[in-house]
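So the chains spell out like this:
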Amino acid sequence: MFIIIVDYVQPLSEVDRWLEAHRDFLREQYAAGIFLASGPRTPRTGGVILAQGCDRAALEALIEADPFKREGVASYSILEFSPVMCDPALTPLLTPTS
């Protein structure tokens, strides 16, 4: 499982210019079963994405297609972890899919 930390490197006016295209990208990854949750950070300096269902190399390649990355408005950090405990409602997340 991965936590992707998104840091905006351009002003919010430039980020907002690409926001709908970024959301389309997110929707595609949800449909593919890769992304589990996403949203902006507070304060709005970037975002966070929770992902699974692929290996790190595939995820890194996938992120290159994100309009925020492609257009240079954000940088990305990927944290990989292996969850061993969670709320019972999230137990399916403990089953590796990659």
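Our structure is the block above this text.
Described in the following lines is the structure provided in the data block. All values derive from a computational prediction rather than experimental measurement. (Residues numbered from 1 in each chain as written. Predicted model: local features only at pLDDT ≥ 70, side-chain atom pairs only at ≥ 80, totals over all residues. Heavy atoms only, no water.)

### A word on the side chain of Gln29
Here is the rule: For helices the rule is a DSSP run of H or I covering at least 4 residues; for strands it is a run of E covering at least 2, with both sets numbered from the N terminus onward. For every residue, the accessible area (1.4 Å probe, protein chains only) is compared with the maximum for its type, and the residue is labelled buried under 20%, exposed over 50%, or partly exposed between those bounds. By definition, residues are in contact when any of their heavy atoms lie within 4.5 Å.
Position of Gln29 among the secondary structure elements: in helix α2 (residues 19-31). Accessibility expressed as a relative area gives 8% for Gln29, which makes it buried. Among all residues touching Gln29, those that are not within four sequence positions of it are Ile34, Phe35 and Leu62.

### Structural notes on the pattern of salt bridges
A pair can form between side chains of opposite charge whenever their charged atoms are brought close. Worth spelling out the cut-off: One side-chain nitrogen of Lys or Arg within 4 Å of one carboxyl oxygen of Asp or Glu is enough to make a salt bridge.
For the coordinates displayed, the defined rule picks out eight salt bridges. Residues Arg27 and Glu20 are paired through a salt bridge, measuring 3.3 Å at the closest nitrogen-oxygen approach. The exposure class of Glu20 is partly exposed, given its relative accessible area of 43%. We note a salt bridge from Glu64 to Lys69, for which the minimum N-O separation is 3.8 Å. Accessibility expressed as a relative area gives 47% for Glu64, which makes it partly exposed. A cluster of three or more residues bridged by salt bridges with shared partners is formed by Glu20, Asp24 and Arg27.

### Let's talk about the sheet that holds strand β2 (residues 35-40)
Two modes of strand pairing occur in sheets, parallel and antiparallel, and in both the strands are linked by backbone hydrogen bonds. Our working definition: When DSSP finds two or more bridges between two strands, those strands count as paired. Working convention: axes come from line fits to C-alpha atoms, limited for helices to the stretch in contact. Angles between N-to-C directions cover 0 to 180 degrees.
Spatially, the four strands line up as an open sheet ordered β2-β3-β1-β4, and their pairing is antiparallel. Each of the sheet's edge strands pairs with one partner strand only, and the pair in question is β2 and β4 (74-80). Across the sheet, the axes of successive neighbouring strands diverge by a mean angle of 15°, strand direction being ignored. Alignment of β2 against strand β3 (residues 46-51), held across five bridges, turns out to be antiparallel. Note that in β3 the partner of Phe35 across the bridge is Ala51. Relative to the sheet, α2 contacts β2, β3 and β4, its axis offset from that of β2 by approximately 160°. Packed onto the sheet, helix α3 (residues 56-63) meets β1 (2-8), β2, β3 and β4 and runs at close to 165° relative to β4.

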